[in-house]
Each structure stands twice: as structure tokens, then as C-alpha cells.
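Structure at a glance
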Amino acid sequence: MVINSLVRFAEDALTENARYEAEQMVMSALEISHTELVLHGRNRETTDVDFQAVGEMVERRKKGEPLQYILGECEFMSLDFYVESGVLIPRSDTETLVETVINAAAKDKKAEILDICTGSGCIGISLARFLPYAEVDLIDISDKAIEVASKNIIRNDVSDRVKVIKKDILNEYPDKQYDVVVSNPPYIETDVIDTLQATVKDFEPRLALDGGEDGLIFYRRIVSLADKIIRKNGVLAFEIGYNQGEAVKKLMEEKFTDVRVIQDLSGNNRVVIGILK
Ligand code: GLN
């Protein structure tokens, strides 16, 4: 069957954004760009292997698995990240955190940056791409995160300035100080996780979501480590849940000045940033 028929086959079997998702699956299976799909859709023949590959993707999607895990790919800050089950899928909301840090960090000289709970590495790696003198350490407790972040360092061509280190921030911490510490830690209250949409709660890692009983465990811990891991006048920036702005601001105010809560593009509180006194 020709490319367009394969797209139609997938589209008919899918429900949400069926056309878009069908095209993405076919592009991924055939390793072609959208331009090639449009250009050759009517006449290029596909193989049984392509048909089988797309069929398997459709089946996974029908069971509710997020498209990004199926494609093994996700765009973030206009960069390309590899993702697989076991790391959180980068969210566009998180771009607000990255943009806030880009604006706050030194642009024309070296800045040492630490990304805590890095997951796919999307935050720290984007910072390295947008801040050409930055040197970035990524830490995470999960072996899968270390593996995925390592791939993304290579994929985004920043291996000379970005390192990934396995560390459990709740029980240990890096033995050096940074100019900027950034984190999008797990921040969902334990009891709320089961109320999240199925694509999230059934497929994304609980470890990356669970912020303890009140959702604030990681914020408390990282703020308590501030003097050890952040230089004086250094920056701490967190992503937060829409309802955590006041709580996290209050946690930070004892040690930090200029603490600000910043909204994402939907107008929800999304980032808290401050300068270490
Ligand atoms: N820092 C990663 C991200 O923003 C992972 C966050 C997490 O696991 N809570 O996608």
C-alpha cells in the first residue's frame, strides 16, 4: 500500500487527533520527514514491515500509552529529546522555567548550573544549548533517567559541557556550589496521583510525580541544602504546581531575596525563583 493508505489505516483506528498521530507514526516507522510524507504520499509503496510497525504503534496508543513514548521522541524548547517509559515526558509548561533561568543566568561568562531530578535531562540540556558558556550537572536517583539523559546529551551535542550523575537528593547532595540550581521535582501530593488522567497515572513514572503527602518534600529538602550547593547571590528556580506558589515562596523567603512567583502561558503560577542572600 502507498504511504497515504498507511496513514489512513492508522487514522481510522485512532481517536484523538487521529490524523496528526497517524502521520507521526508513519513518519517515525518510515523514518521520513513531514515534507517527504506530503511529497510521496500518493505513490511511494510501503512494506509489510512498515505496516506491522505502524499497527503495533496504533495498538499501544489504543491502550492509552502517550504518543511520545511510542515515537520515542518529544520536542522541548524547539530541541529534540529522546524519551521512553520510565522518564517524565517534557511538558511545554516547563519551558517557562527554562526561559526564566535563561533570563536570570549570566550569558557572556561561565555559569555553573545544577539540574536536580533531571529525568530526560530536558531542562539542563536546554540551558546548555541556550547559554553557550554554561557548565551543567544533571542529577537523578533513577537509572533509567541517567540512561535517557545521557542519550539526550549526545543527541543535543553538549557532551563537552553537560555531565549526568546518579544521586538521591533526599539523602545526599553534590559536594560543590553552583551559580544556578534549577529543579522540576516531583510535586504531586501522593493522594492526588490516582485522580490524574490515565495517560499520566498509568504510564508515567510515579517516582517522577510523587512529592509526598503535601507535595513539598523536594522543595523543603532543596531549600534546606541551599547554602551548601548554591553560591552567595546564586539563583534557585523551581517549577511548581499551580497551587504551590505561596507555599514555596514562603519556604524560600528566609534564605532568599527577590523571591518571585511567575506564571506560565495559561496564566497559572508555574515558577518560583529567588537569589540566595
Ligand atoms: N526535570 C524533568 C522534567 O522536567 C523531570 C521532572 C520530574 O521527574 N519530576 O521533565
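Think of each chain on its own: its residues are numbered from 1, step by step along the sequence as written. Totals for whole chains, interfaces and linings use every residue, but because this is a predicted model, local features are given only for residues with pLDDT of at least 70 and side-chain atom pairs only at 80 or more, for both listing and counting. Note: side-chain values were computed over all heavy atoms of the structure, leaving out hydrogens and water.

1. Observations regarding the pairing of strand S3 (residues 111–116)
Among the six residues of S3, six are classified as buried, and the element is accordingly described as predominantly covered. Remark: exposure states derive from per-residue accessible area (1.4 Å probe, protein chains only) relative to the maximum for the residue type, with buried under 20%, exposed over 50%, and partly exposed in between. Segments assigned H or I by DSSP are reported as helices when at least four residues long, segments assigned E as strands when at least two residues long, and all are numbered from the N terminus. Of the two faces of S3, the one lined by Ala111, Ile113 and Asp115 and the one lined by Glu112, Leu114 and Ile116 are each fully buried. When DSSP finds at least two bridges between two strands, those strands are taken to pair. Strand direction decides the pairing type here: S3 and strand S4 (residues 134–140), joined by six bridges, are parallel. Paired with Asp115 across the strands is Leu138, a residue of S4. Taken together, S3, helix H7 (residues 122–130) and S4 constitute a β-α-β crossover, and its handedness is right-handed. Examined bridge by bridge, S3 and strand S6 (residues 178–183) share four bridges and lie parallel to one another. Bridging across to S6, Asp115 finds its partner in Val182. A right-handed crossover is one whose linking path, passing over the helix from the first strand to the second, runs clockwise when the strands point away from the viewer.

2. Observations concerning the site of the ligand
Here a residue is considered near a molecule or strand provided that any single heavy atom belonging to it is located within 4 Å of it. If you check the shell around the ligand, you find Leu88, Thr94, Cys117, Thr118, Gly119, Cys122, Ile123, Asn184, Pro185, Pro186 and Ala208 and nothing else. Counting of polar contacts relies on pairs of N or O atoms within 3.5 Å, with two restrictions inside protein: one atom must be capable of donating a hydrogen and the other of accepting it, and residues adjacent in sequence are counted only when both atoms are side-chain atoms. Between a nitrogen atom of the ligand and a main-chain N or O atom of Cys117, the distance comes to 2.9 Å. The separation between an oxygen atom of the ligand and a polar side-chain atom of Asn184 is 2.8 Å. Computed with a 1.4 Å probe, the accessible areas rest on the Shrake-Rupley method; for each residue, only the protein chains presented here act as cover. For the ligand, the protein covers 97% of the area, taking 300 Å² as the surface of the free molecule.

3. Topic: helix H12 (residues 245–253)
Listing the buried residues of H12 in full gives Gly245, Val248 and Met252. With its buried residues spanning 80° around the axis, H12 presents them on a single face. Opposite its buried face, H12 presents the exposed residues Glu246 and Lys250, each directed more than 90 degrees away. Residues count as neighbours in contact if any of their non-hydrogen atoms are within 4.5 Å of one another. For H12, the secondary structure elements touched by its buried residues are helix H10 (217–224), strand S7 (230–239), strand S8 (256–263) and strand S9 (269–276). Think of the arc as the fan of directions from the helix axis to the C-beta atoms.

4. Thoughts on the sheet that holds S6
Sheet strands pair by backbone hydrogen bonding; their relative direction is either parallel or antiparallel. Across the sheet, seven strands lie side by side as S5-S4-S3-S6-S7-S9-S8; this open sheet has mixed pairing. The open sheet has two free edges, formed respectively by strand S5 (162–166) and S8, since each of these has just one partner strand. For this sheet, the mean inter-axis angle between neighbouring strands, taken without regard to orientation, is 15°. Where S4 lies against S5, five bridges are found, and the strand directions are parallel. Residue pairing for S5: Leu138 is matched across the bridge by Val164. Across the sheet, H7 lies against S3, S4, S5 and S6, angled at about 175° from S4, the strand it touches most. Between the N-to-C directions of two axes lies an angle of 0 to 180 degrees, each axis being a line fitted to C-alpha atoms and, for a helix, fitted only over the stretch in contact.

5. Details of the environment of Met25
Structurally, Met25 is set in helix H2 (residues 18–30). Sequence-wise, Met25 and Gly55 are 30 residues apart; in three dimensions their C-alpha atoms are separated by 9.4 Å. Setting aside its immediate chain neighbours within four residues, Met25 contacts Leu14, Val54, Met57, Val58, Arg61, Leu67 and Leu71.

6. Section: the state of the cysteines
Cysteine sulfur atoms are paired as a disulfide whenever they fall within 2.5 Å. For the structure shown, the criterion picks out zero disulfides. Cys122 provides the cysteine sulfur closest to Cys74, a residue in no disulfide bond, and the two sulfurs are 7.8 Å apart. When its relative accessible area of 8% is taken as the criterion, Cys74 is described as buried.

7. Some words on the environment of Asp194
Summarising the element assignment, Asp194 is placed in the loop between S6 and helix H9 (198–201). Separated by 49 residues in sequence, Asp194 and Asn243 place their C-alpha atoms 18 Å apart. Setting aside its immediate chain neighbours within four residues, Asp194 contacts Lys201 and Arg206. Within the structure, the side chain of Asp194 is placed 3.0 Å from the side chain of Arg206, a separation counted as a polar contact.

8. Focus: the pattern of salt bridges
Every case where a carboxyl oxygen of Asp or Glu lies within 4 Å of a side-chain nitrogen of Lys or Arg is listed as a salt bridge. Throughout the structure, instances matching the rule amount to 24 salt bridges. In this structure, Asp227 and Lys255 form a salt bridge, with 3.5 Å as the shortest nitrogen-oxygen distance. Placement of the pair is Asp227 in helix H11 (residues 226–229) and Lys255 in the loop between H12 and S8, with a sequence separation of 28 residues. The partner of Asp264 in a salt bridge is Arg270, and the shortest N-O contact between them spans 2.9 Å. Sharing partners across several salt bridges, the network here consists of Arg8, Glu11, Arg19 and Glu23.

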